[in-house]
Amino acid sequence: MSEICTINDESLARAVEIIHDGGLVVIPTDTVYGVACDPRNIEAIRKVFAAKKRPKYKSLQVLLPSIESMEKLHLTLPVPLNRLAAMFMPGAFSPIAEAEDDCSLATVRRDPVSGRSTQGVRIPNSAVALRVLRATGPLAATSANRSGEESAQTVQEAKEALGDAVDLYLDGGATPGHVASTVVEADPHERDGIVILREGVIREPVIRKALTLNGGALGV
């Protein structure tokens, strides 16, 4: 039987235990509520897909407590995404990072044609979310709703959508809105060297303008 808890030292300790044991936890972010698990545990990741009824071809983001976490996970941001990250992280910005050969994340997507290994990452601009992530470490996550339905803005909406498929719901109050983060990938063949895979809170014109600020261009 799952439970809803306010965020405190006791509930965070419980969340860490659940994540370590391969369970699922719902957490608040700066956009919507997310359902999260250990990004190195393939069985836990399968539980997320099953709980959401999420198509297998859709990947999961990894939520990070800090930019330094990327290096520890053996992830790097190609130009010009590193320039955008300096401006929009933490926040509703989800760049597609390159995964090195020794990256142990089970969420990494490998392209059989190009051979590239990539991983979407995000650092929420939320003190509550960062408190959770500092306790648990990086988490594989996606919005806490059934696939195709509206994202949860409150912990109660998340509980109604996912029920007992989730072990613990952490209540951080209502999130700012139902609009998700903006997902951007580097592509030297595209305009400005990027392709916007999903336009979210940060609109496309803002992203493209940021690439030319302070004399910069194409991530230089």
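Residues numbered from 1 in each chain as written. Predicted model: local features only at pLDDT ≥ 70, side-chain atom pairs only at ≥ 80, totals over all residues. Heavy atoms only, no water.

### Quick word on the overall build of the protein chain
Our working definition: Numbering of helices and strands runs from the N terminus; a helix is a DSSP stretch of H or I covering at least four residues, while a strand is a stretch of E covering at least two. We take the radius of gyration over the C-alpha atoms and set the globule estimate at 2.2 Å times the residue count to the 0.38 power. Note on exposure labels: buried denotes an accessible area under 20% of the residue type's maximum, exposed denotes more than 50%, and partly exposed covers the range between, all computed with a 1.4 Å probe on protein chains only. Calculation of accessible area relied on Shrake-Rupley with a 1.4 Å probe; when residues are assessed, cover is drawn exclusively from the protein chains displayed. For the charge count, each Lys or Arg is scored as positive and each Asp or Glu as negative, with His and the chain ends excluded. Here the site of a charge means atom NZ of a Lys, CZ of an Arg, CG of an Asp or CD of a Glu.
Broken down by element type, the protein chain carries seven helices and 12 strands. The C-alpha atoms of the protein chain give a radius of gyration of 17 Å, which matches the 17 Å a tight globule of 220 residues would have. Along the longest, intermediate and shortest principal axes, the C-alpha atoms of the protein chain span 55 × 35 × 30 Å. Taken across its 220 residues, the protein chain has 53% of its residues classed as buried. Accessible area for the protein chain stands at about 10500 Å²; split by element, carbon and sulfur atoms hold 50% of it. Each charge class in the protein chain was averaged separately, 24 positive and 28 negative side chains, and the resulting centres sit 3 Å apart.

### Quick notes on the UniProt feature "domain: YrdC-like" (unreviewed entry) in the protein chain
Quick reminder of the rule: UniProt positions are given in the numbering used here, feature names are shortened, and annotations may be inferred rather than shown by experiment.
As annotated in UniProt, the feature "domain: YrdC-like" (unreviewed entry) corresponds to residues 9-202 in the numbering used here. Secondary structure within residues 9-202 divides into 28% helix and 25% strand; the distance between the first and last C-alpha atoms comes to 33 Å.

### A short note on the pairing of strand β11 (residues 182-186)
Here is the rule we go by: In this description, strands pair whenever DSSP reports at least two bridges between them.
Within β11, five of the five residues are buried, which leaves it mostly tucked inside the rest of the structure. Here β11 shows two buried faces, one formed by Thr182, Val184 and Ala186 and the other by Val183 and Glu185. Sheet topology places strand β6 (residues 93-99) next to β11; three bridges connect them, and they run parallel. Considered in β11, the bridge of Phe93 is made with Thr182. Judged from the four bridges that link them, β11 and strand β12 (residues 194-198) form a sheet pairing that is antiparallel.

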